[in-house]
Amino acid sequence: MINNSTIVISSSLIISFLLTQIITPRLIEICSKYNIKENPNERKEHKKPMIRLGGVGLLLSFQISLIILVNLNDLYDFIELNNSLILKIQIFSFLVSIIGIIDDLLNINAYLRLICQFSIAFLTWTSDIRIDSLYFIVGNNLSYSLNLNALSSCLITMLWLVGVINAINWIDGIDGLACSLIISSCLGFIILSILNNQFDSLILASSLMGPCLCFLIYNYYPAKLFMGDGGSNFLGFIVAIISIIYYSQNDSINFNPLQVSLLIAIPIFDMVYVILKRILSGHSPFLPDRSHFHHRLVNIGFNPRSILNFALFISIPLISLGIVLF
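Residues numbered from 1 in each chain as written. Predicted model: local features only at pLDDT ≥ 70, side-chain atom pairs only at ≥ 80, totals over all residues. Heavy atoms only, no water.

Caption draft 1: A look at the overall build of the protein. Looking only at helices and strands, the protein features 12 helices and 4 strands. When its C-alpha atoms are laid out on the principal axes, the protein stretches across 50 × 50 × 35 Å. A total of 326 residues make up the protein; the buried ones form 52% of that total. Taking contacts inside the protein between residues at least 6 apart in sequence as the whole, the part at least 24 apart equals 74%. When the accessible surface of the protein is split by element, carbon and sulfur atoms take 64% of a total near 14,800 Å². (Helix = DSSP H or I, 4+ residues; strand = E, 2+ residues; numbered from the N terminus. Buried < 20%, exposed > 50% of the residue type's maximum accessible area, 1.4 Å probe, protein only. Contact = heavy atoms within 4.5 Å. Areas by Shrake-Rupley, 256 points an atom, 1.4 Å probe, with all protein chains shown as cover.)

What follows is the structure, given as structure tokens:
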């Protein structure tokens, strides 16, 4: 089965990478022609207008590669896949990305954006993609599982999905940062999925990692284009879904908040820090400012490349801990 997993991973990476390589240059041409760009402001690090619909390429590459892979798997039966589950995830991720793309083009109200995100998260929960139980570890030998009732499951699932969506959106402030962190998280989930024969999360993680690897070529400093909210919302939704699917598709493991927080460490901790700081300062948690992880590093003299290197220097050991300690 490991050999079949290797085939699936390599196929996912190659197909989604090549699709992104085909689509992204066309997006750059279209956005340049119609002047679809993000202008600089006091919160942004870029100094000139930048193409901001790169997330369309990530979305299309992911969706098309999954369609190809699911059909290939039906023909050759490499791994056991839940095709209806994959289809649901494709639909909901498309809706999440569309909300972000509309925001990129029209700059919609933050509260309306949140309402849309929570609505899609609720639909996701009603489709049986949900967190039904939590697993906690205290020390070496003490563990505790908590089964959730329907209301608690719904609230926690929605908060997790919307929280990770916005965590990735908020961390996407330096060239290549969000994309690199998602690649690291996907690698962690790929390893865990192989170790525990979780094939739905395996194909999702590898199909997300491929487009991110290719997109990083264009988004690494100095970036040629940005993913925009359409891209960051899409990446956040899928990595949150992968974490839910990884745990929910195996009866022997429950959703482990500490482990999954280590796998998505910097975006999660950045979001928690920023929200607490804003609330304690008497401000709205949704009020934009320059208190994010990358902003604080810029303020003490880090350049974009050093911020990216520092983020990976922190996140890779944390992801490794998340893999080996549980």
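Caption draft 2: Seen up close, the nonpolar core. Core analysis: the biggest nonpolar cluster contains 91 residues, and Trp160, Leu204, Leu208 and Leu235 have the highest contact counts within it. Ignoring sequence-local partners within four residues, the contact set of Leu204 consists of Phe62, Leu66, Ile86, Ile89, Ile241, Ile242 and Ile245. (Core = buried A, V, L, I, M, F, W, Y, C linked by side-chain atoms within 4.5 Å.)

Caption draft 3: Structural context of the packing of aromatic side chains. Evaluated as defined, the whole model comprises 8 aromatic pairs. Ring geometry for Tyr246 versus Tyr247: centroids 4.9 Å apart, planes at 75°, classification edge-to-face. Ring centres 5.7 Å apart and planes at 55° place the aromatic pair Phe302 and Phe310 in the tilted group. With a relative accessible area of 31%, Phe310 lands in the partly exposed category. (Phe/Tyr/Trp six-rings, centres within 6.5 Å; stacked < 30°, edge-to-face > 60°.)

Caption draft 4: Inspection of the pattern of salt bridges at higher detail. Here the structure, examined in full by the defined rule, presents 5 salt bridges. Here Arg52 makes a salt bridge to Glu38, at a shortest N to O gap of 3.5 Å. Linking Arg52 in the loop between strand 2 (50–51) and helix 2 (55–76) with Glu38 in strand 1 (residues 37–38), this pair joins segments that are 14 residues apart in sequence. (Salt bridge = Lys/Arg side-chain N within 4 Å of Asp/Glu carboxyl O.)

Caption draft 5: Region of the structure containing the side chain of Asn166. By secondary structure assignment, the location of Asn166 is in helix 5 (residues 150–171). With near-sequence residues (within four places) excluded, Asn166 lies in contact with Leu114 and Gln117.

Caption draft 6: Quick look at helix 8 (residues 228–248). Taking 1.5 Å of rise per residue, the 21 residues of helix 8 would be expected to cover 30 Å, and the 30 Å separating its terminal C-alpha atoms lies within 8% of that figure. Extensive coverage of helix 8 is indicated by the burial of 20 of its 21 residues. (Expected span 1.5 Å × (residues − 1).)

Caption draft 7: Spotlight on unusual backbone geometry. Cis rather than trans, the peptide bond between Tyr221 and Pro222 has omega equal to -5°. Position of Pro222 among the secondary structure elements: in the loop between helix 7 (199–219) and helix 8. Even without being a glycine, Asn107 presents a positive backbone phi close to 55°. Its relative accessible area of 65% is what places Asn107 among the exposed residues. Of note in this structure, Asn197 is not a glycine but carries a positive phi near 55°. Position of Asn197 among the secondary structure elements: in the loop between helix 6 (177–195) and helix 7.

Caption draft 8: View of the packing of helix 4 (residues 110–126) against helix 5. Where helix 4 contacts helix 5, the axes come no closer than 9 Å and their chain directions differ by 130°. By the angle between their directions, the pair helix 4 and helix 5 is classed as oblique. Crossing angle aside, the handedness with which helix 4 passes helix 5 is right-handed. Of the residues in helix 5, those touching helix 4 at Leu114, Gln117, Phe118, Ala121, Phe122, Thr124 and Trp125 are Ala150, Ser153, Cys154, Thr157, Met158, Leu159, Leu161, Val162, Ile165 and Asn166. For the contact of helix 4 with helix 5, a count of residues per class yields 12 nonpolar, 5 polar and no charged. (Axes fitted to C-alpha atoms, helices over the stretch in contact; angles between N-to-C directions. Parallel < 35°, antiparallel > 145°, perpendicular 65-115°, else oblique. Left-handed = near helix turned anticlockwise from the far one by under 90°. Nonpolar A, V, L, I, M, F, W, Y, C, P; charged D, E, K, R; others polar.)

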